Amino acid sequence: AFQNKDQLSMMSGRKTLEINPNHPVVVDLLAKIKADKSDKAAVDTAQVLFQTALIESGYELADASALVNRVYRLMSKELGVDPDAPIKEVEIPEGEDEEEAEEEEEKDDDESKDEAEEAKVDGDDKKEEL
């Protein structure tokens with residue numbers, strides 16, 4: 001077939017990216033960029049918008065990790081979390097995991113027994129009907 005991706009992309013034809021200037025996201029993004037051209041969140045949003053449009057159109061991103069990092073930053077901002085904050089280790093006391101797992105197993109066993117009893121009662125009812 002084709003020797004490399006460049007030949008394949010050349011053969012697939014031209015693709016057009018269309019932007020709806022009336023879409024609320026585009027209108028808001030334009031207003032934010034006009035207000036502050038160095039707004040990191042607005043720049044990230046524009047990049048994410050463009051890169052997701054590329055992906056949706058069938059293109060491959062040269063650097064997918066850049067998109068992922070932008071999405072993480074935008075999510076952090078939306079959640080009110082500092083994206084550069086150090087990661088905190090959460091300590092889980094020993095035995096707590098095991099207790100939770102045992103409780104889940106017991107709960108699952110009880111549900112299975114209840115279902116089996118219901119099936120048996122349904123079967124007995126059907127026998128009585130015959």
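Here the structure is shown first, and the text comes after it.
Calculation notes
- Residues numbered from 1 in each chain as written.
- Predicted model: local features only at pLDDT ≥ 70, side-chain atom pairs only at ≥ 80, totals over all residues.
- Heavy atoms only, no water.
- Helix = DSSP H or I, 4+ residues; strand = E, 2+ residues; numbered from the N terminus.
- Buried < 20%, exposed > 50% of the residue type's maximum accessible area, 1.4 Å probe, protein only.
- Contact = heavy atoms within 4.5 Å.
- Areas by Shrake-Rupley, 256 points an atom, 1.4 Å probe, with all protein chains shown as cover.
- Axes fitted to C-alpha atoms, helices over the stretch in contact; angles between N-to-C directions.
- Left-handed = near helix turned anticlockwise from the far one by under 90°.
- Nonpolar A, V, L, I, M, F, W, Y, C, P; charged D, E, K, R; others polar.
- Expected span 1.5 Å × (residues − 1).
- Salt bridge = Lys/Arg side-chain N within 4 Å of Asp/Glu carboxyl O.
- Patch = residues over 30% accessible without salt bridge, like charges linked within 9 Å, V, L, I, M, F, W, Y side chains within 5 Å.

Trainee: Any details on the overall build of the chain? Residues and values, ideally.
Mentor: Within the chain one finds five helices and zero strands. When burial is assessed residue by residue, the chain has 9% of its 130 residues classed as buried. In the chain, once contacts between residues fewer than 6 apart in sequence are set aside, the share between residues at least 24 apart is 33%. About 11,800 Å² of surface is accessible on the chain, with carbon and sulfur atoms providing 52% of the total.

Trainee: With reference to specific residues and values, describe the packing of helix 2 (residues 24-35) against helix 3 (residues 40-56).
Mentor: The geometry of helix 2 relative to helix 3 is characterised by a closest axis approach of 9 Å and an angle of 145° between their N-to-C directions. The way helix 2 lies across helix 3 gives a crossing that is left-handed. In this structure, helix 2 uses Val26, Leu29, Lys32 and Ile33 to contact helix 3, whose residues at the interface are Ala42, Val43, Thr45, Ala46 and Leu49. Among the residues forming the contact of helix 2 with helix 3, the class breakdown is seven nonpolar, one polar and one charged.

Trainee: Give me the lowdown on helix 4 (residues 64-79), citing residues and values where you can.
Mentor: For helix 4, with 16 residues, the first-to-last C-alpha span of 23 Å sits near the 22 Å given by 1.5 Å per residue. Among the residues making up helix 4, those that are buried are Ala66, Leu67, Arg70 and Ser76. Elements in contact with the buried residues of helix 4: helix 3. Directly after helix 4, the chain includes Gly80, whose backbone phi takes a positive value near 75°.

Trainee: Pulling in residues and values, what's your account of the pattern of salt bridges?
Mentor: A complete count under the given rule lists three salt bridges for this structure. Here Arg70 ties to Asp44 by a salt bridge, and the two come within 3.8 Å at their closest N and O atoms. Here Arg70 is found in helix 4, whereas its partner Asp44 is found in helix 3, with 26 residues between them in sequence. Taking relative accessible area as the criterion, Arg70 reaches 16% and is therefore assigned buried.

Trainee: Describe a nonpolar patch on the surface, and please don't skip the residues or the numbers.
Mentor: Among the surface-exposed residues, Val68, Tyr72, Met75, Leu79 and Val81 lie close enough to one another that they form a single nonpolar patch of about 510 Å² accessible area. Within the element layout of this structure, Leu79 appears in helix 4.

Trainee: Mind laying out the side chain of Gln51, listing which residues take part and the relevant values?
Mentor: In this structure, Gln51 sits in helix 3. In this structure Gln51 comes out as buried when scored by relative accessible area, which is 11%. Leaving out residues up to four positions away in the same chain, Gln51 has contacts with Leu61, Leu67 and Arg70.

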